[in-house]
Amino acid sequence: MPSLSFNIDDAEQPFVLASARPSSRPGYRSSASGERELVPSATMFKHVERRSELSSATPLMQPLLQVKDLCVDYVDSRGDARSALDGISFDLHAGQTMGILGASGCGKSTLALAILRLLPPGGCIRSGQILFDGADLLSRTETEMQSLRGARISLIFQDPGLALHPTMRVGEQIARILAAHQSLNRRQRADRVRELLSYVFKSDAARIFSSYPHQLSGGQQQRVLIAQAIACKPEILIADEPTASLDPTTQKEILALFENLRRDFQLAIILISHSPAILAQLSDRILVIYAGRVAEEGPANGIFQSPRHPYLRGLLHSVPASPEGALLVQKMQLPTMDGAADRVSSTQGCRFEPRCEERMNECAKQNPAHVMIAKDHVVSCFKYGA
Amino acid sequence: MAHERAAHASSNKPLLRAEALVKRYPATRGSGARQEVTALNSISFSIYPGKTLAVVGESGSGKSTLALCASCAEKPTSGKLWLEETEVTSLTDAELRAFRPRVQLIFQNPASAMNPRWSAEDIVAEPLLIADTARKARIGRAHELLERVGLSAADGPRSLSEFSGGQRQRLAIARALTLEPKLLILDEALSALDNSIAAQIVNLLLDLQEANGTAYLFITHDLTLAAHFADEIAVIERGVIIEQGPTAQIVRTPRDERTRALLNAMPALDSTRAAQRRS
Amino acid sequence: MRYLLKRLGHGLLLLFGVSILSFLFTALAPGNYFDEMKLNPQISPDTVTALRARYDVDRPLVLRYGKWLDAVVHGDLGFSFAYDAPAAPLLWARAVNTLILTVASTLLAWLIALPLGIWSAERRGGAPDIAISSATAILLIIPDLLLALGFLLLAVRTGWFPTGGMASVGFAALSWTGKVRDIAAHLALPVTVLTLSTLPVLVRHVRAAISSVLGAGYLRAAQAHGVPRRTLLYRYALPAAANPLISLFGFSIGALLSGSLMVEVVMSWPGLGPLLLEAIQARDLYLVIGGVMLTAVFLAAGNFIADLLLYWADPRIRQP
């Protein structure tokens, strides 16, 4: 595989000039001949090293999870429906890690809840299919879903402090999940819990077992959530912003833990985050969601190396990639996109169009279809045909 | 304002100076034994007008206590604090009141710092209640500030729940600007926001700094953000500043191992680090 | 541990305060037992004076209180003028009966309120919830006295239940099971009245406490792990909502006690209620104080049990 590494020093000068506002076309500059060419800038992610063999190989087996054209609405008390997800589709293979990238409110948490059919009151799955191991989850009964949750598909919620019961010991909280799905006796459950805790905690497992959540730090709480999620050896693990409230050092440890999980359990993981950097470390494939619709989907490599969708490009350019990279744009205005992605009502055209710097006439009129850039890379943008 | 900024820019007297700040809190363990926690252990720093000092540390390092002491919300156990040549640590509450407008605090969770029943314009105009200006003038000023921070005057009457996280932080900044402070202390103000929204707020802050000459004390655990935004970085751990210096120096040639560890922990990849990770 | 000792201290302080107040109020009330005696021509004035001296009626209040406190510490609750006997045994016997009534009603009320409250919280806004809310509202409006009289009427009309007392005439002759059944039959109506009078408040509070907890993150997380519904409600939601409910438990004991005094009088249950009423009417100082103190002890004990429960239930208090 060709080396895809760049060095910071190799970069051309950042396209952000010293005192000016960002150029109107992020990521592009005029070459000598007047044509536009892609500029590697200090604010762009350089590359993502390929970690796993599964990423670029074409999976021959049936995908473990297939989401097809999922549409989810939230209906408020007055009966008005707001579209949260519109036509989401992707495949997840066994052992693969899919990163779902999007801003707050784009629907990525809704997607996680929809898969497990745990939408809050008001949420309703309007149409689509979620095929797990061949069968459609949307037509399963609640009892069947209950036996699936935590046992075959696990979800790690966002805020560890809120996801743990305040007056129940940590060991017991994990044991209850085992009790819900497996027929072990009390002592077997306790042994299994200790085993799990030794896996996620390097040391101190015994003390953690009988601790209460409020006695643990944020990172420790997150590890407990992970232990809960893998207790029954699920096939799919969904982690919603697993490192959002953590310190950088703890973040690093938790991500390393996820690496270990991938390696030791061959789990399929769906990692949800708003931070491209975090997803870049672990994901094989990336799904970019903007305002409830798929903007781009492809191998992590391709996505970060050469982002196609204007939103993704804008996102990757707007945030410095590392402290060293940040130095290069010290005290300069960052090339952010104006406005925000939240609270979009259903519109006719592309949902990113109001903020897009490369918009064309058709963009406001129709929603762009998915265009296949490469064998496993799709973009939803008129710029690439439609 | 421009002439003030010019005057400040050329001034090399620190706006805020802390010397050997110590802050201890009593803490009771379950057994009933009284212990003391030393949150700050002899901290010294200076912030110059129109400049940004970033204090970077992890949770428990004492950075939030630092914010509280620097804004005079809490009195340090020992040590001195000077605000523009006046020693403020020995002042009484009544005497401090004159200084409060000069230093404003912005917190991590904007929603908890604002009254959810009030409209945006009332929230922004709240500090003006002290000066007892007429309501019309207050609201007018509030609208001005809303425009300044990238919202619009039309947002004035809307209630807090209609604003997103990033917009609420803009509101917090607008409110802080009401009294034209010389120093803004941002305590993890961007930590709860998406990177892209945080970047927008950073742009706003840079803009304000250039226009008004506001100084910032930027408290964060994100070194990338600090590297972009700050003139000087101080790394704090367990109540002690382990390293301090100009941003480029700290990022490129960190002297302390712990600073290096913090730099490495930033979630960004380049070839060398990924290779290390694999081996 | 410190927490518990503090709570115990509070309880003792409460009892001390109650004793002073009740002593004051009773002693300062106009008239005393011996005024009535004076009116009786069969008793000579000398006897009255001698009796008065014997019972220290003319000594200053503080001295009397001091003497009484000293006696109480030694288990002597004073002397009843009306019964011409030590107050303590009288009071104890009646106190046990009140205890039986109160404990039974508390248990029954909570045993019904918990599932009902949880059930309506779960189906908030639905038909069962509205039905229960309406029922509790109606019960709240009906005064306890009316309830008591209503059930008494039922007993008289139908003859299904005894109309008063604690035991039937031929009690001593019954077998052991017969005795239990007899007491239960007598207990049934008073307990029902007391339970019905406290039930509405309990149900509403349980519903509110559970509702506030139902949206919590840890419940959704547990649900996401496939924990079954019943476990979620009783092993996750209820313990999390326990704090306000335990405090309510302490409070409900107080409410139940004051209600029970009235119910005992109306339904002729031989508890502290009727005794206290008699004693007040007869200005029987030590009996009144003794009765009030015992009631206060039950209240303080109930609250202390609630504190114990809170300590046991909430690890954040035990191990901060």
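Residues numbered from 1 in each chain as written. Chains lettered and ligands numbered in written order. Predicted model: local features only at pLDDT ≥ 70, side-chain atom pairs only at ≥ 80, totals over all residues. Heavy atoms only, no water.

Here the focus is helix α11 (residues 310-318) of chain A. When you tally the buried positions in α11 of chain A, you get 9 out of 9 residues, the bulk of the element. Along α11 of chain A, the residues that are buried comprise Pro-310, Tyr-311, Leu-312, Arg-313, Gly-314, Leu-315, Leu-316, His-317 and Ser-318 of chain A. (Buried < 20%, exposed > 50% of the residue type's maximum accessible area, 1.4 Å probe, protein only. Helix = DSSP H or I, 4+ residues; strand = E, 2+ residues; numbered from the N terminus.)

Residues and elements named next belong to chain C. Mean pLDDT over chain C: 84, with 91% of residues reaching 70 or higher. Between the elements of chain C, mean pLDDT differs from a low of 66, seen in helix α2 (residues 33-39), to a high of 93, seen in helix α9 (residues 217-224). Scoring of the predicted complex yields 0.81 for pTM and 0.81 for ipTM. (pLDDT = per-residue confidence, 0-100.)

Below, the discussion takes up the nonpolar core. Grouped together as the largest cluster of nonpolar side chains are 100 residues, with contacts concentrated most on Leu-65, Phe-90, Leu-111, Ile-115, Ile-236, Phe-258 and Ile-270 of chain A. If one sorts the elements of this core by residue count, helix α7 (residues 218-230) of chain A sits on top with 6 residues. Residues Leu-327 of chain A together with Val-149, Leu-190 and Leu-225 of chain B belong to the second largest nonpolar core, which totals 52 residues. (Core = buried A, V, L, I, M, F, W, Y, C linked by side-chain atoms within 4.5 Å.)

With that settled, consider the interface of chain B and chain A. Each partner contributes to the interface: chain B provides 44 residues, whereas chain A provides 46 residues. Overall, the association of chain B and chain A removes approximately 3700 Å² of surface from exposure, summing both partners, and the carbon and sulfur fraction of that is 53%. Among the salt bridges present, the one from Lys-331 of chain A reaches Asp-231 of chain B, with a minimum N-O distance of 2.7 Å. Our count for the chain B to chain A interface comes out at 17 residue pairs in polar contact (both at pLDDT 80 or more). Looking at the side of chain B that touches chain A, the elements that each hand over two or more residues are α7 (195-212), α8 (223-229), α9 (247-252), α10 (257-265) and α11 (271-278) of chain B. Broken down by element, the side of chain B that touches chain A gets its largest block of residues, 9 residues, from α7 of chain B. Looking at the side of chain B that touches chain A residue by residue, the class counts come to 19 nonpolar, 15 polar and 10 charged. (Contact = heavy atoms within 4.5 Å. Buried area = accessible area lost by both parts, 1.4 Å probe. Salt bridge = Lys/Arg side-chain N within 4 Å of Asp/Glu carboxyl O. Polar contact = N/O pair within 3.5 Å; in protein donor to acceptor, adjacent residues only side chain to side chain. Nonpolar A, V, L, I, M, F, W, Y, C, P; charged D, E, K, R; others polar.)

This brings us to the pattern of salt bridges. Under the definition given, this model contains 39 salt bridges over all chains. When the shortest N-O distance is used, the salt bridge between Arg-152 of chain A and Asp-133 of chain A registers 2.9 Å. With Arg-152 of chain A in the loop between α2 (142-148) and β8 (153-156) and Asp-133 of chain A in the loop between β6 (123-132) and β7 (135-136), this pair connects stretches of sequence that are 19 residues apart. Between Lys-23 of chain B and Glu-74 of chain B there is a salt bridge, with the nearest N and O atoms lying 3.3 Å from each other. One end of the pair, Lys-23 of chain B, is in strand β1 (residues 16-28); the other, Glu-74 of chain B, is in the loop between α2 (63-70) and β4 (78-83), and 51 residues separate them in sequence.

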